[in-house]
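This is what each chain is made of:
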Amino acid sequence: MEKQIFYYNFNKINAWLILNLALSITLIYWGIKCVCLLYWIQTQILIGLCVISWLGWIWKYILKHQAVEVDDEGIKLDLSDKLKWKDIKSIEEKEVRCCLKTYKVMILRPKENVEYHYNFLQKHNGEFTPFAVPLYGILSKEDERTIVEIIKHKIGEKDA
């Protein structure tokens, strides 16, 4: 199997976009109707915040962010190190709670005494555990199905 990369699929139409549009339209209107406002430090700060907010929105929603990478050797989640297929003891589909919401994830349970370099998020990831594949709509439905099929094919349908 060749390397397959799956990317996050964020909904671009959201409150952040509406806030950015409202702020941009307001600042453009002010700039046209009362040019003197552009000399005020408060207006310049708002323009700077608007630019930073647009850059953040573009970074999150326009650029691609790798979620999962799979190949014959193993699976890599986000920016973590690759977990080898032979080091996975079992898999489990589970619902976890975070911020008053319930999320469906597939937990990959590694074998005991596996040498692995955990990053900060993996060490402090609450109920999600270090190896949780998101199945709650942050990836496309087709990508979620493909990832689950690959994992079940490589690991089998062993439950913890």
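Shown above is the structure to which this text applies.
Asks: Whenever I open this one, the sheet that holds strand β5 (residues 88-98) confuses me. Can you help?
Replies: To summarise the sheet geometry, strands pair through backbone hydrogen bonds and adopt either a parallel or an antiparallel arrangement. The strand order across the open sheet formed by three strands is β5-β6-β7, and the pairing between neighbours is antiparallel. The two strands at the open ends of the sheet, each matched to only one other strand, are β5 and β7 (132-134). On average, each strand axis in the sheet is inclined to that of its neighbour by 30°, with strand direction left out of account. Most of the contacts of helix α4 (residues 141-155) go to β5, to which it runs at about 145°, and overall it touches β5, β6 (101-110) and β7.

Asks: Would you mind going over the side chain of Asn14 with me for this structure?
Replies: Within the secondary structure, Asn14 is located in the loop between β1 (4-7) and α1 (15-33). A polar side-chain atom of Asn14 sits 3.4 Å from the main-chain carbonyl oxygen of Asn11. What Asn14 contacts, discounting residues up to four positions off in sequence, is Trp57 and Tyr61.

Asks: Could you clarify how one ought to interpret the nonpolar core in this entry?
Replies: Among the nonpolar cores identified, the biggest contains 23 residues, and Ile75, Leu108, Val133 and Ile151 are the most heavily contacted of them. Counting residues per element, the ones that place at least two in this core are β2 (66-70), β3 (74-77), β5, β6 and α4. With five residues, α4 is the largest single contributor of residues to this core. Excluding anything up to four places from it in sequence, Ile75 contacts Val68, Glu69, Val70, Asp81, Lys82, Leu83, Trp85, Ile88, Leu108, Val133 and Ile151.

Thresholds, definitions, all that
Per-chain numbering applies: the sequence of each chain, read as written, is numbered from 1 onward. A pLDDT threshold of at least 70 governs which residues receive local features in this predicted model, and a stricter bar of 80 or more applies before side-chain atom pairs are shown or counted, although totals over entire chains, interfaces and linings include all residues. Note: side-chain values were computed over all heavy atoms of the structure, leaving out hydrogens and water. Here a strand pair is declared whenever DSSP counts at least two bridges between the two strands. Numbering of helices and strands runs from the N terminus, with a helix taken as a DSSP run of H or I at least four residues long and a strand as a DSSP run of E at least two residues long. Angles run from 0 to 180 degrees between N-to-C directions of axes, and those axes are lines fitted to C-alpha atoms, restricted for helices to the stretch in contact. It only takes one pair of heavy atoms within 4.5 Å for two residues to be counted as in contact. Definition of a polar contact: a pair of N or O atoms within 3.5 Å, with one able to donate and the other able to accept a hydrogen when the atoms are protein atoms, and with sequence-neighbouring residues admitted only if both atoms are side-chain atoms. Only buried residues count toward a nonpolar core. Its members are Ala, Val, Leu, Ile, Met, Phe, Trp, Tyr and Cys residues joined through side-chain atoms within 4.5 Å. Burial classes follow relative accessibility: with a 1.4 Å probe on protein chains only, a residue under 20% of its type's maximum area counts as buried, one over 50% as exposed, and anything between as partly exposed.

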